Amino acid sequence: MKFVPEDIEDYAIAHSDTLPELYERLREETYRDVDMARMQVGPMEGRLLKMLVRLCGAKRAIEIGTFTGYSALSIAEGLPDDGTLICCDINPETTAIAQRYWDEAPWGHKIRLVLGPAIDTIVAEGGPFDFAFIDADKAGYRGYHDALIERMPPGGVIVSDNVLWSGTVLNPEEDSAVALAEYNQYVKADPRVEQVMLPIRDGITIARKLG
Ligand SMILES: C[S@@+](CC[C@H](N)C(=O)[O-])C[C@H]1O[C@@H](n2cnc3c(N)ncnc32)[C@H](O)[C@@H]1O
């Protein structure tokens with residue numbers, strides 16, 4: 001299900017910041033050579049991530065689920081030159097593609113990849129994290145949220161992707177839909193954060209840690 005009609009999404013992208021050209025090359029390579037290419041966040045969500053990082057003044061960020069590196073490039077672009085983004089993934093093949101584009105980007109030096117289960121990396125890295133993007137295994141979202149919130153200062157931001165799961169969270173049946181519907185209720189009831197859910201792309205929640 002598309003929540004925003006394609007021509008409207010294209011118009012919104014056309015009237016947002018122009019993307020550096022390597023994003024389009026990364027998008028083409030991913031769609032040409034990699035299974036499940038539609039997992040990639042794409043231009044609109046990418047620009048949103050960059051803007052959110054800038055708006056919250058984040059210096060230390062973490063990404064849960066990197067794939068071929070599009071969202072990581074977007075987050076890192078929004079960080080200051082001495083900022084850091086830790087990228088968590090378990091797939092050496094897709095993240096090898098990511099690393100090639102990060103090496104090319106003038107802001108790629110801010111990104112550090114850690115291969116292994118994301119929950120172990122969150123614990124090992126320890127924080128504090130000013131900004132986090134959750135976009136990995138859906139059953140893990142609640143555990144990631146809890147592990148991240150504990151390691152954030154007040155004002156820290158967690159962005160979670162796919163929270164509408166093509167609309168199936170309204171009547172969840174398969175495992176990911178059930179996990180995401182439970183996650184959405186959990187975040188809504190979490191007194192540690194204020195949050196907004198946006199029905200763009202596959203649904204995005206922005207949660208901000210309260211002081
Ligand atoms: C939806 S994709 C991420 C897309 C990426 N954010 C982008 O914009 O291109 C999900 C990724 O999560 C990774 N993943 C799945 N389970 C994981 C886990 N337990 N720990 C770390 N990464 C995991 C997968 O290997 C996959 O690359």
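Going along each chain's sequence as written, the residues are numbered from 1 onward. Under the rules for a predicted model, residues below a pLDDT of 70 receive no local features and side-chain atom pairs below 80 are neither given nor counted, while totals for whole chains, interfaces and linings still include all residues. Heavy atoms throughout the structure, all of them, feed into the side-chain values; hydrogens and water do not.

Q: Please explain the pattern of salt bridges as it appears in this structure.
A: Should their charged atoms come close, side chains of opposite charge can pair. Salt bridges are identified by distance alone: a Lys or Arg side-chain nitrogen within 4 Å of an Asp or Glu carboxyl oxygen. Considering all chains together, one arrives at 16 salt bridges under this definition. The salt bridge partner of aspartate 135 is lysine 138, with a shortest N-O separation of 3.6 Å. The shortest N-O distance in the salt bridge between aspartate 190 and arginine 192 comes to 3.0 Å. The rule is simple: take the accessible area with a 1.4 Å probe, protein chains only, and divide by the maximum for that residue type; under 20% is buried, over 50% is exposed, in between is partly exposed. Its relative accessible area of 29% is what places arginine 192 among the partly exposed residues.

Q: In this structure, what is going on with the site of the ligand? I would like to understand it.
A: Distances are taken per atom, and a residue is near a molecule or strand as soon as one of its heavy atoms is within 4 Å of it. Taken together, the neighbourhood of the ligand is formed by 19 residues, with Gly65, Ser71, Asp89, Ala118 and Asp135 sitting nearest. Here a polar contact means two N or O atoms within 3.5 Å. Within protein one must be a hydrogen donor candidate and the other an acceptor candidate, and residues neighboring in sequence count only if both atoms are side-chain atoms. Side-chain polar atom of aspartate 89 to an oxygen atom of the ligand: 2.7 Å apart, as the coordinates give it. Within the side chain of aspartate 135, an N or O atom sits 2.8 Å from a nitrogen atom of the ligand. Here, Shrake-Rupley sampling with a 1.4 Å probe gives the accessible areas, and only protein chains in the shown set may cover a residue. Within the complex, 88% of the 610 Å² of free accessible area of the ligand lies under protein. Grid spacing is 1 Å over the protein atoms alone, the probe is 1.4 Å, and a cavity is where that probe fits but cannot get out, while a pocket is an open set with protein on both sides within 12 Å along at least five of seven lines and lining residues have an atom within 4 Å of a point. Placement in a cavity or pocket follows one criterion, namely that more than half of the molecule's atoms lie within 2 Å of its grid points. Using a 2 Å cut-off from the grid points, one finds that the ligand occupies the largest pocket. The class makeup of the residues in the shell around the ligand is ten nonpolar, six polar and three charged. Gly is placed with the polar residues, together with every amino acid not listed as nonpolar (Ala, Val, Leu, Ile, Met, Phe, Trp, Tyr, Cys and Pro) or charged (Asp, Glu, Lys and Arg).

Q: Which parts of the structure should I look at to understand the packing of helix 2 (residues 22-33) against helix 5 (residues 92-104)?
A: For any two helices packed against each other, one specifies the crossing angle of their axes together with the interaxial distance. Here helix 2 crosses helix 5 at 165 degrees, and the two axes come no closer than 11 Å. Taken together, the axes of helix 2 and helix 5 are roughly antiparallel relative to one another. Two packed elements cross with a definite hand, and for helix 2 against helix 5 that hand is right-handed. Across the interface between the two elements, Leu22, Arg25, Leu26 and Glu29 of helix 2 pack against Ile97, Arg100, Tyr101 and Glu104 of helix 5. Split by residue class, the contact of helix 2 with helix 5 holds four nonpolar, no polar and four charged. The angle between two axes is taken between their N-to-C directions and runs from 0 to 180 degrees, where each axis is a line fitted to C-alpha atoms and a helix contributes only its stretch in contact. Helix and strand labels come from DSSP, where a helix needs a run of H or I of at least four residues and a strand needs a run of E of at least two; each type is numbered from the N terminus. The scheme is simple: roughly parallel for angles under 35 degrees, roughly antiparallel for over 145, roughly perpendicular for 65 to 115, oblique for anything else. Helix crossings get a hand from a simple test, with the near helix turned counterclockwise from the far one by less than a right angle marking a left-handed crossing and a clockwise turn marking a right-handed one. Whether two residues are in contact is decided by their heavy atoms, any of which lying within 4.5 Å being enough.

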